[in-house]
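Chains, contacts and geometry: an overview
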Amino acid sequence: MPIEPKRLKTDASDRALRRAEALMPGGVSSPVRAFKAVGGRPLFIASGSGSAIRDIDGNVFLDYVMSWGPLILGHAHPQVVEAVAAALKDGSSFGAPTVREVELAERIAAAMPAIEQVRFVNSGTEATMSAVRLARAATGRPGIIKFEGCYHGHVDALLVRAGSGAMTLGAPSSPGVPDDTVRHTHLVPFNDLAAVRKACEASADQMAAIIVEPVVGNMGCVPPAEGFLQGLREVADRFGLLLIFDEVMTGFRVARGGAAERYGVRPDLVTLGKVIGGGLPVGAYGGRRDLMQQVSPVGPVYQAGTLSGNPLAMAAGIATLDVLAGPGAYAALERASARLEAGLADAVAQAGAAARVQRVGSMLSLFFSAGPVTDYASALRCDTAAFGRFHQGMLARGVYLPPSQFEAWFVSLAHTQEDIDRTVEAARDTLAAGA
Ligand SMILES: *Cc1c(COP(=O)(O)O)cnc(C)c1O
């Protein structure tokens with residue numbers, strides 16, 4: 001049965017946006033939320049449950065943003081709600097060690113052999129910033145190799161050709177980042193091992209680390225080419241660089257052990273966030289013991305945080321990882337995601353649309369591009385106007401997608417087969433209507 005597009009009632013969201021815009025840039029706390037890239041206005045969300053969200057006008061949507069990745073169990077999962085409520089009753093923060101930190105650290109280390117020790121922070125941005133500081137301190141070199149289109153949070157030194165919001169909003173790099181700050185950031189195309197080798201050969205004695213999203217989520221879902229991550233490991237070893245996997249998005253997402261497990265490559269340092277916080281603000285960096293032992297207070301590399309290891313965030317993370325450790329969790333995510341991929345690909349073929357689905361595990365993107373998206377240059381060839389029309393069509397049919405061509409959709413354990421099929425139906429109708 002075709003899903004008819006609805007004209008959404010947005011009075012309450014529009015009113016809230018006017019209040020918000022008076023006091024907050026764009027009315028939002030993070031840029032892509034403003035819907036600028038898809039030609040719409042942001043909806044203010046009142047609540048979420050499972051795979052669905054409800055806005056303040058009462059519209060209900062199937063959600064594939066999932067808070068941009070953390071909600072791998074869906075919204076307001078009962079075990080997470082219960083764990084956070086229990087932690088809150090005990091007091092929300094102490095600025096002193098709690099056992100919950102140890103419990104989350106144990107779960108992370110058990111899933112990720114590359115993480116022998118870990119430090120909790122409050123966001124993915126803090127995690128990558130701190131990992132880069134540590135890598136520079138440990139090697140005594142300043143240079144960082146970064147890939148075009150990879151996003152590592154809004155760390156000054158990494159905010160060049162940064163994918164995600166920066167790409168969506170047409171500002172590949174940000175004013176306010178002095179040239180000096182990015183002087184040691186060496187940009188290379190994703191999936192281009194020869195370019196990495198060349199950058200190292202030119203100035204290996206100046207290079208501290210390679211930082212990479214092992215599966216890119218922040219220019220849309222772009223998988224690593226066969227052998228690319230192994231190649232990075234070899235180059236890093238040959239030239240004495242550290243290999244940092246930014247698994248803020250992919251950790252506990254593309255496999256329990258993240259991309260390191262999925263592709264069988266062991267990084268020196270790993271950054272985490274999103275899923276390990278179960279929807280509360282969290283980040284972490286970890287890796288080889290000898291490196292982590294250089295972090296303060298054991299070593300000289302200073303890094304601190306008033307709310308780091310926050311008990312509520314730890315509780316949400318522990319509950320999330322415990323549900324994920326249950327039998328068949330990743331198989332279920334894979335099944336639902338594969339069904340969505342196949343359904344979307346079929347809808348695209350039927351409509352004769354110039355579009356393609358790219359997926360790794362429960363991350364996927366529908367690119368409005370005739371050819372595969374493998375790097376920043378090919379991502380830029382996407383028809384973002386077509387994506388904008390598709391986004392609006394899906395929203396009118398009750399499906400809430402990331403408001404940018406250059407973001408991944410996230411499937412959660414709460415997405416049922418019926419949810420997936422309804423999404424595919426909506427995509428079929430949207431594409432048929434000429435999106
Ligand atoms: C989301 C993300 C970040 C930044 O995390 P925040 O918590 O938003 O600061 C860093 N790296 C990657 C790969 C991400 O997806």
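Turning our attention to the overall build of the protein chain. Counting secondary structure elements, the protein chain contains 14 helices and 14 strands. In terms of overall size, the protein chain behaves like a compact globule, its C-alpha atoms giving a radius of gyration of 21 Å where 435 residues would be expected to give roughly 22 Å. With respect to the three principal axes, the spread of C-alpha positions in the protein chain is 60 × 55 × 50 Å. By residue count, 56% of the 435 residues in the protein chain fall in the buried class. Considering only contacts within the protein chain whose residues lie at least 6 apart along the sequence, 73% involve residues at least 24 apart. As displayed, the protein chain offers around 17600 Å² of accessible surface, 53% of which is attributable to carbon and sulfur atoms.

With that settled, the discussion passes to the pairing of strand E3 (residues 60-63). One ladder, built from three bridges, connects strand E2 (residues 52-55) with E3; its direction is antiparallel. Looking across to E3, one finds that Ile53 is bridged to Phe61. The antiparallel hairpin formed by E2 and E3 contains four residues in its connecting segment, where Gly58 sits at a positive phi of about 95°. Here two bridges tie E3 to strand E13 (residues 399-400), and the two strands are oriented parallel to one another. Considered in E13, the bridge of Leu62 is made with Val399.

Let us look at the site of the ligand. Taken together, Ser123, Gly124, Thr125, Tyr151, His152, Gly153, Glu213, Asn218, Asp246, Val248, Met249 and Lys274 make up the full set of residues near the ligand. Thr125 is positioned with one of its side-chain polar atoms (N or O) 2.6 Å from an oxygen atom of the ligand. Within the backbone of Tyr151, one N or O atom sits 3.3 Å away from a nitrogen atom of the ligand. Among the residues forming the shell around the ligand, the class breakdown is three nonpolar, six polar and three charged.

Of the pockets and cavities examined, the second largest pocket occupies roughly 520 Å³. Its residues assigned to classes, the lining of the second largest pocket shows twelve nonpolar, six polar and two charged.

Because the α-helix completes a turn every 3.6 residues, residues three or four places apart line up on one side. Between its first and last C-alpha atoms helix H7 (residues 228-239) spans 16 Å; for twelve residues at 1.5 Å apiece the expected length is 16 Å, and the two agree. If you check which residues of H7 are buried, you get Phe228, Leu229, Gly231, Leu232, Arg233, Val235, Ala236 and Phe239. Those residues of H7 that are buried are in contact with strand E5 (143-147), helix H6 (193-203), strand E7 (207-212), strand E8 (242-246) and helix H8 (258-263). Two residues or fewer after H7 comes Gly240, characterised by a positive phi angle close to 75°.

This part takes up the pattern of salt bridges. Inspection of every chain in the model, using the stated rule, returns 15 salt bridges. Arg107 is the partner of Asp322 in a salt bridge, and the nearest nitrogen-oxygen pair spans 2.7 Å. Remark: Arg107 occurs in helix H3 (residues 99-111) and Asp322 occurs in helix H10 (residues 311-324); sequence separation between them is 215 residues. Here Asp322 falls in the partly exposed class, since its relative accessible area comes to 35%. Under the relative-accessibility criterion, Arg107 is labelled partly exposed at 28%. Across the salt bridge formed by Arg359 and Glu334, the nearest N and O atoms sit 2.9 Å from each other. With a gap of 25 residues between them, Arg359 in strand E11 (residues 356-360) and Glu334 in helix H11 (residues 329-351) connect regions that are remote in the sequence. The exposure class of Arg359 is buried, given its relative accessible area of 18%. Accessibility expressed as a relative area gives 29% for Glu334, which makes it partly exposed.

What counts, and at which threshold
Residues numbered from 1 in each chain as written. Predicted model: local features only at pLDDT ≥ 70, side-chain atom pairs only at ≥ 80, totals over all residues. Heavy atoms only, no water. Helix = DSSP H or I, 4+ residues; strand = E, 2+ residues; numbered from the N terminus. Rg over C-alpha atoms; globule rule 2.2 N^0.38 Å. Buried < 20%, exposed > 50% of the residue type's maximum accessible area, 1.4 Å probe, protein only. Contact = heavy atoms within 4.5 Å. Areas by Shrake-Rupley, 256 points an atom, 1.4 Å probe, with all protein chains shown as cover. Pairing = 2+ DSSP bridges. Near = heavy atom within 4 Å. Polar contact = N/O pair within 3.5 Å; in protein donor to acceptor, adjacent residues only side chain to side chain. Nonpolar A, V, L, I, M, F, W, Y, C, P; charged D, E, K, R; others polar. 1 Å grid on protein atoms, 1.4 Å probe; cavity = no way out; pocket = protein on both sides within 12 Å on 5 of 7 lines; lining within 4 Å. Points joined across faces, edges and corners; volume = space filled by probe spheres on them. Expected span 1.5 Å × (residues − 1). Salt bridge = Lys/Arg side-chain N within 4 Å of Asp/Glu carboxyl O.

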